[in-house]
Amino acid sequence: MACVKLGSKNDAFQRQGQAWFCTTGLPSDIVVEVGEMSFHLHKFPLLSRSGVLERLIAEASEEAEEKCVINLPDIPGGAKTFELVAKFCYGVKLELTASNVVYLRCAAEHLEMTEEYGEGNLITQTETFLNQVVLRNWKDSLKALQTCDDVLPYAEELNITKRCIESLAMKASTDPNLFGWPVVEHGGPMQSPGGSVLWNGISTGARPKNSTSDWWYEDVSALSLPLYKRLIAVMESRGIRQEIVAGSLTFYAKKYLPGLNRRQGASDSSTRLAPLAAPPSEEDQKLLLEEIDRLLPVQKGLVSTKFLFGLLRTAMILKASPSCISNLEKRIGMQLDQATLEDLLMPNFSYSMETLYNVDCVQRILEHFLAMDQITGGASPGSVDDGQLMGSPSLTPITMVAKLIDGYLAEVAPDVNLKLPKFQALAASVPDYARPLDDGLYRAIDIYLKSHPWLAEFDREQLCRLMDCQKLSLEACTHAAQNERLPLRIIVQVLFFEQLQLRTSIAGCFLVSDNLDGSRPLRSGFAGSNEGGWASAVRENQVLKVGMDNMRMRVSELEKECSNMKQEIEKLGRGKVSSTWGSVSKKFGFKLKSQMCSAQEGSVSNQNNNSGKLEKVKDRHGKHKKKLSRDE
């Protein structure tokens, strides 16, 4: 940090308890009281430098016959600053730094320490140091601005606050790599005016690493909220990009709102934040959160959806204003398609604790999203035909939201306190065209029915009417057809459309066209997609393959039976029999093999033929045995 030493005498001040004494050999003839501290000094050094002290000493000397006593209750910076002022008046070496220059500049103005009372007086010295040293340096400007909080009325009157903010805004709005400002980034090396790295004040010639646009986030987060707001406002007036401003606000909020960091991962940027010694009070956090909401740009995607959900969750805990909560819900609604299921699972912080999760809040967020989707020209059922729905890029966000809401419904469905109208309202809010498949909705309804077994039959039917049985995949149809929790009317519908899907999928395997005339597209995959039809065809072929495997096993059993019969005949012990069997095997063996090969090729009709031919073989074999017995 830059500093300048003023004066040439050695320090002749000594402190004893709550009093300061000047040990110059001469007894003190004036006592200056600043707060609880008393300064035993001499009149001449003080009145020769300050117009205010000159008048006060003159007035006190006329009234008091003994030692002169004056009081300075309003001096900026208090006793610590007046100690430095007194040393300056005595010509003691004084070190000007970014930490004390604002106090000294305000105190010098308050005491009228102008050039009229001595050349190179304190006003001139501090003003020169501010302009030529502090305001040219990022760190010094930041430190000086922080000290303005303690003497804000005086700093405002002298435009010190404004000058520091302008200096910081100008530097933050410009790439420091272009000008080589001496910016210390997170304890990094100091740069020379030419941009090279300094070591012990000597240029090494090495170039520092390029700074990113967020290099100043952590530094300015040390400012108080009023000063930080003013800095952000000046940056925006200078045309700084909105995403950079949003990033700084996010960093600032995470630092002072502990609730935002509870769900952050270890790799999140918030891990760079040093823990606060004493977190702000709940009231201060509430005011900060409401101010962050007002300062955040309204553009979509400038801040992460997870961060917005964190703000909303914290706002509910801190009981922020209804307008703040409503604004956050609208911000989330603008980018709901970027949310995750974990984000939506917000606990219910109300006193009633009607439900475990805040379903009403999710309902409002979804309504904001749907309203924004309509404004931005989102697709509607009447704008495109059924075959074009899935191919429309504009449907991608709303399809993602539909899947997200179905997952949320499945998570909240086990809550026994979740009323049926609330569950139905949220499920029905998603447009029908946003769901290519209703499998997710069916799963949520099934979980709700399982967790609410006391529902009447009429309520069950009303709930199940939320889903379209024609939009269930073959797997979901199979499950629903055996689901005892579903009303009988719904099961019948599911069975009907399941058979329709099977016919459609089988026909799709043999026809070149994707869809049969007058039939709906295949629903076992995405609507309008061939992939689902082929998947069903594969399943049907697997069923046929099982049938052929069974037929192959039966043919093998027939071969074994014929082999056993041959062995029995050979036991009769006559060569004639052997030759006779040979002719029989030659006569019938080829036919049996050809039938077996035909069965392996998948000809289902050959099964009956094999059985008939086998009976003929058995009859002829019986007649042959009778003939042999007669010959004997």
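Definitions and cut-offs
- Residues numbered from 1 in each chain as written.
- Predicted model: local features only at pLDDT ≥ 70, side-chain atom pairs only at ≥ 80, totals over all residues.
- Heavy atoms only, no water.
- Helix = DSSP H or I, 4+ residues; strand = E, 2+ residues; numbered from the N terminus.
- Contact = heavy atoms within 4.5 Å.
- Areas by Shrake-Rupley, 256 points an atom, 1.4 Å probe, with all protein chains shown as cover.
- Core = buried A, V, L, I, M, F, W, Y, C linked by side-chain atoms within 4.5 Å.
- Buried < 20%, exposed > 50% of the residue type's maximum accessible area, 1.4 Å probe, protein only.
- Expected span 1.5 Å × (residues − 1).
- Pairing = 2+ DSSP bridges.
- Phe/Tyr/Trp six-rings, centres within 6.5 Å; stacked < 30°, edge-to-face > 60°.
- Axes fitted to C-alpha atoms, helices over the stretch in contact; angles between N-to-C directions.
- Parallel < 35°, antiparallel > 145°, perpendicular 65-115°, else oblique.
- Left-handed = near helix turned anticlockwise from the far one by under 90°.
- Nonpolar A, V, L, I, M, F, W, Y, C, P; charged D, E, K, R; others polar.
- Disulfide = S-S within 2.5 Å.
- Salt bridge = Lys/Arg side-chain N within 4 Å of Asp/Glu carboxyl O.
- pLDDT = per-residue confidence, 0-100.

Right, let's get into the overall build of the protein chain. When you go through the protein chain residue by residue, the secondary structure sums to 26 helices and nine strands. Taking all contacts inside the protein chain whose residues are at least 6 apart in sequence as the whole, residues at least 24 apart take part in 68%. Surface exposure of the protein chain reaches about 33,400 Å², of which carbon and sulfur atoms provide 54%.

Within the largest apolar cluster, 147 residues are counted, with the highest numbers of intra-cluster contacts made by Val32, Leu41, Trp216 and Leu311. Considering every element that reaches this core, the biggest residue donor is helix H18 (residues 396-412), with nine residues. Residues contacting Leu311, with those up to four places away along its chain left out, are Leu257, Leu260, Leu289, Ile292, Leu296 and Leu328.

End to end, helix H17 (residues 359-375) covers 25 Å across 17 residues, agreeing with the expected 24 Å (1.5 Å per residue, within 8%). Among all positions in H17, only Val359, Cys361, Val362, Gln363, Ile365, Leu366, Phe369, Leu370 and Asp373 are buried. Buried-residue contacts for H17 involve helix H14 (305-318), helix H15 (322-334), helix H16 (341-344), H18 and helix H19 (420-429).

Now for the pairing of strand S4 (residues 30-34). Where a strand is regular, its side chains alternate between the two sheet faces. Burial analysis of S4 places four of its five residues in the buried class, which makes it a mostly covered element. One ladder, built from five bridges, connects S4 with strand S5 (residues 37-41); its direction is antiparallel. The partner of Val34 across the bridge, within S5, is Met37. Linkage of S4 to S5, two consecutive antiparallel strands, is achieved through a turn of two residues, within which Gly35 is found at a positive phi near 65°. Note: S4 against strand S6 (residues 68-71), four bridges, orientation parallel. When the sheet's bridge partners are listed, Val32 is paired in S6 with Ile70.

Quick look at the packing of aromatic side chains now. For the structure shown, the criterion picks out seven aromatic pairs. Among the aromatic residues, those joined into a cluster by ring pairs are Trp216, Tyr217 and Phe251.

On to the environment of Ile490. Structurally, the position occupied by Ile490 is in helix H23 (residues 488-510). Considered as a pair, Ile490 and Cys469 are 21 residues apart in the sequence and their alpha carbons are 8.1 Å apart. The residues contacting Ile490, other than those within four sequence positions of it, are Cys464, Met467 and Cys469.

Before going further, it helps to spend a moment on the packing of helix H13 (residues 282-295) against H15. For the pair H13 and H15, the least separation of the axes is 10 Å and the interaxial angle reads 45°. As far as their axial angle goes, H15 and H13 are oblique. Considering only the axes of H13 and H15, their crossing is left-handed. Together, Leu289, Glu290 and Asp293 of H13 and Cys324, Asn327, Leu328 and Arg331 of H15 make up the contact between the two elements. Residues that form the contact of H13 with H15 fall into these classes: three nonpolar, one polar and three charged.

Glancing now at the state of the cysteines. One pass over the structure, following the stated rule, counts zero disulfides. In this structure Cys164 is not part of a disulfide, and its nearest cysteine sulfur, from Cys148, lies 4.9 Å away.

Attention shifts here to the environment of Val34. Relative to the assigned elements, Val34 resides in strand S4. Those residues in contact with Val34 that sit more than four places away from it in its chain are Phe39, Leu72, Ile75, Gly78, Ala79 and Phe82.

Bringing the pairing of S5 into the picture now. Among the five residues of S5, five are classified as buried, and the element is accordingly described as predominantly covered. Where burial is concerned, the two faces of S5 agree: the one with Met37, Phe39 and Leu41 and the one with Ser38 and His40 are both buried. As paired strands, strand S3 (residues 19-22) and S5 are joined by three bridges and run parallel to one another. Considered in S5, the bridge of Trp20 is made with Phe39.

So, on to the pattern of salt bridges. Throughout the structure, instances matching the rule amount to 22 salt bridges. Measuring nitrogen to oxygen at the nearest pair gives 2.6 Å for the salt bridge that ties Glu127 to Arg105. Here the residue Glu127 occupies a position in helix H5 (residues 122-132), and Arg105 occupies one in helix H4 (residues 101-110), the gap between them amounting to 22 residues. Here Arg105 falls in the buried class, since its relative accessible area comes to 8%. Across the pair Glu166 and Arg238 runs a salt bridge whose closest N-O atoms are separated by 3.3 Å. Linking Glu166 in helix H8 (residues 160-172) with Arg238 in the loop between helix H11 (225-237) and helix H12 (242-256), this pair joins segments that are 72 residues apart in sequence. Here Arg238 falls in the partly exposed class, since its relative accessible area comes to 44%. Salt bridges here are not isolated pairs; linked through shared partners, they connect Arg105, Glu109, Glu127 and Arg163.

This part covers helix H2 (residues 51-63). Helix length check: H2 (13 residues) gives 19 Å between terminal C-alpha atoms against 18 Å at 1.5 Å per residue, within 8%. Every buried residue of H2 is accounted for by Gly51, Val52, Leu53, Ile57 and Ala60.

With that settled, the discussion passes to unusual backbone geometry. Glycine aside, residues mostly have negative phi, and peptide bonds are mostly found in the trans state. Although it is not a glycine, Glu112 adopts a positive phi angle of roughly 55°. Structurally, Glu112 is set in the loop between H4 and H5. Phi at Lys319 is positive, roughly 55°, even though this residue is not glycine. When you line up the elements, Lys319 lands in the loop between H14 and H15.

All right, on to the packing of H15 against H17 then. Across the interface, H15 lies against H17 with an axial gap of 8 Å and an inter-helix angle of 55°. As far as their axial angle goes, H17 and H15 are oblique. For the crossing formed where H15 meets H17, the hand is right-handed. Residue-level contacts link Glu329, Lys330, Ile332, Gly333 and Met334 of H15 to Cys361, Arg364, Ile365, His368, Phe369 and Met372 of H17. By residue class, the composition of the contact of H15 with H17 is six nonpolar, two polar and three charged.

With that out of the way, let us pick up the confidence of the model for the protein chain. Scored by pLDDT, the protein chain has a mean of 76; 65% of the residues are at 70 or more. Low pLDDT, under 50, characterises residues 182-201; the predicted model gives this stretch 48 contacts beyond four residues in sequence or across chains. In the model, residues 265-272 has pLDDT below 50 throughout and makes eleven contacts with residues more than four positions away in sequence or in other chains.

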